[in-house]
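# Inside the fold
Listed below, chain by chain, are the residues.
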Amino acid sequence: MRILKWYAPTDQQEITDIALHYVFEAEPGAKEYTIFASENPDFVKAETVHVLQKDVCDNVYYLPEDDELLKAGKWYVKAIVNQSQNYNEATSDSVEFEVSKAKLVPSVSAVK
């Protein structure tokens, strides 16, 4: 089984919930991936997102929807290939990172 390189978030990174995005190496011929995010390294009760790979790219990029943003705390993430034209199995190593809640400060400026 091939190990996919994980690029973002990086291991031990601190990131805000609204800046969270996932980037990992694509498997040639893969059509669908599952991203697992969990508060424990065993991925028990992991949150999952299915990502379709529409174009041939070197990497898979995924920006979570608002309802997929993670709550503050320590998280672990990994990805696996679900469907591949080549029937190759591939997975990433897990990455540990810290999520904090972004403080949104409204900005008002007067037009003169």
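Predicted, not measured: the structure shown is a model, and the values here were computed from it.

## What about the sheet that holds strand E2 (residues 6–8)?
With antiparallel pairing, three strands are arranged side by side in an open sheet as E2-E4-E7. Two strands in the sheet have a free side with no partner beyond their single neighbour: E2 and strand E7 (59–62). With direction set aside, neighbouring strand axes in the sheet form an average angle of 20°. Bridge count for strand E4 (residues 22–25) against E7 is four bridges, and the pairing is antiparallel. Bridged to Val23 within E7 is Tyr61.

## Quick word on the packing of aromatic side chains
One pass over the full model with this rule turns up three aromatic pairs. Geometrically, the ring pair formed by Trp6 and Tyr22 is edge-to-face, given 6.2 Å between the ring centres and 65° between the ring planes. With a gap of 16 residues between them, Trp6 in strand E2 and Tyr22 in strand E4 connect regions that are remote in the sequence. Residue Trp6 shares its accessibility class with Tyr22, and that shared class is buried. Residues Phe24 and Tyr33 carry aromatic rings whose centres are separated by 5.3 Å and whose planes lie at 75° to one another, so their mutual orientation is edge-to-face. Like Tyr33, Phe24 is buried. Through successive ring pairs, a cluster of aromatic residues spans Trp6, Tyr22, Phe24 and Tyr33. The ring of Phe36 has Lys78 lying over it, and the distance from NZ or CZ to the ring centre is 5.8 Å.

## Structural notes on the layout of surface pockets
When its volume is computed, the largest pocket comes out at roughly 220 Å³. Glu27, Pro28, Gly29, Val56 and Cys57 are, among the 15 residues lining the largest pocket, the residues nearest its centre. Here the lining of the largest pocket takes three residues from strand E5 (residues 30–38), the largest share from any one element. Considering only residue class, the lining of the largest pocket consists of six nonpolar, three polar and six charged.

## Structural notes on the side chain of Glu96
Within the secondary structure, Glu96 is located in strand E10 (residues 95–100). With relative accessibility at 19%, the residue Glu96 sits in the buried group. Not counting residues up to four positions away in its chain, the partners in contact with Glu96 are Thr10, Asp11, Gln12, Gln13, Lys74, Trp75 and Tyr76.

Conventions and cut-offs
- Residues numbered from 1 in each chain as written.
- Predicted model: local features only at pLDDT ≥ 70, side-chain atom pairs only at ≥ 80, totals over all residues.
- Heavy atoms only, no water.
- Pairing = 2+ DSSP bridges.
- Helix = DSSP H or I, 4+ residues; strand = E, 2+ residues; numbered from the N terminus.
- Axes fitted to C-alpha atoms, helices over the stretch in contact; angles between N-to-C directions.
- Phe/Tyr/Trp six-rings, centres within 6.5 Å; stacked < 30°, edge-to-face > 60°.
- Buried < 20%, exposed > 50% of the residue type's maximum accessible area, 1.4 Å probe, protein only.
- Lys NZ or Arg CZ within 6 Å of the ring centre and 35° of its normal.
- 1 Å grid on protein atoms, 1.4 Å probe; cavity = no way out; pocket = protein on both sides within 12 Å on 5 of 7 lines; lining within 4 Å.
- Points joined across faces, edges and corners; volume = space filled by probe spheres on them.
- Nonpolar A, V, L, I, M, F, W, Y, C, P; charged D, E, K, R; others polar.
- Contact = heavy atoms within 4.5 Å.

Limitation: the analysis is restricted to geometry and does not speak to function.
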